[in-house]
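Structural overview
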Amino acid sequence: MLLVATAPAFPAQPLDSTKPSAAIVDSDIRQEEALSKTEAGKVITAIDRTRENIGTVRKTTRLDTVDIVFLTDAARSEGGPPPAIENKVKQHQDDVAELRQEIEANALLFNAIDSRRVLAEDVLAVEFDNPGKIVIYAAAKPPK
């Protein structure tokens, strides 16, 4: 018996695309800068919900809005997240690591963060505000 594999007749993403995220992410990608001390409550709550958010990230195929919140004072170049957030990340380190892997495996979310030059390892947490909207908290500075 001979098995022959063929490529699909059309690619999932145009090969000549100069903006791969635009081809995959049919979402409004917004970014904002914030200080971790002003967002600490939201970030800690989101970290506490990481286990349940992993499943939602895994199933996410379409979003209307992706908000990336750059916690600029928590970037590695600034010494990393403040103790309250860092301790919460350590407390949930296995879940946070799995969340980061799921984001890297999700084309939509990976391209969203990649379009803003955020590394998955800088993602602290995600929060689904409502259907169709995700907030990604990143310990990073926005691209210049």
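Because the structure is a prediction, the values reported are computed rather than measured. (Residues numbered from 1 in each chain as written. Predicted model: local features only at pLDDT ≥ 70, side-chain atom pairs only at ≥ 80, totals over all residues. Heavy atoms only, no water.)

1. A short note on the confidence of the model for the protein
The predicted coordinates ought not to be read in detail in places where the model reports low pLDDT. The share of residues in the protein with pLDDT of 70 or more is 83%, and the mean pLDDT across the chain is 86. Averaged pLDDT values for the elements of the protein fall to 43 in helix α1 (residues 20–24) and rise to 98 in helix α5 (residues 93–105). Segment residues 2–25: pLDDT under 50, and 13 contacts once partners within four positions in sequence are set aside and those in other chains are kept. (pLDDT = per-residue confidence, 0-100. Helix = DSSP H or I, 4+ residues; strand = E, 2+ residues; numbered from the N terminus. Contact = heavy atoms within 4.5 Å.)

2. A word on helix α3 (residues 50–59)
For α3, every residue scored as buried is listed here: Thr-50, Asn-53, Ile-54, Gly-55 and Val-57. Buried positions along α3 lie against α2 (36–48), α5, α6 (107–115) and β3 (123–130). (Buried < 20%, exposed > 50% of the residue type's maximum accessible area, 1.4 Å probe, protein only.)

3. Thoughts on the pattern of salt bridges
Overall, the coordinates contain 15 salt bridges when judged by the stated rule. Asp-95 serves as the salt-bridge partner of Arg-51, at 2.8 Å between the closest nitrogen and oxygen. Taken as a pair, Arg-51 in helix α3 and Asp-95 in helix α5 lie far apart in primary sequence, 44 residues in all. For Arg-51, a relative accessible area of 43% corresponds to the partly exposed category. (Salt bridge = Lys/Arg side-chain N within 4 Å of Asp/Glu carboxyl O.)

4. A closer look at the nonpolar core
Ranked by internal contacts, the top residues of the largest apolar core, which has 22 residues, are Val-126 and Ile-136. Of all the secondary structure elements, the ones that give two or more residues to this core are α3, β2 (65–71), α5, α6, β3 and β4 (133–138). For this core, the element with the most residues is α6, which contributes four residues. Other than its neighbours up to four places away in sequence, Ile-136 contacts Val-66, Asp-67, Ile-68, Val-69, Leu-109, Ile-113, Val-123, Ala-125 and Val-126. Of all hydrophobic cores here, the second largest spans 16 residues; its members include Ala-34, Ile-47, Leu-124 and Val-135. (Core = buried A, V, L, I, M, F, W, Y, C linked by side-chain atoms within 4.5 Å.)

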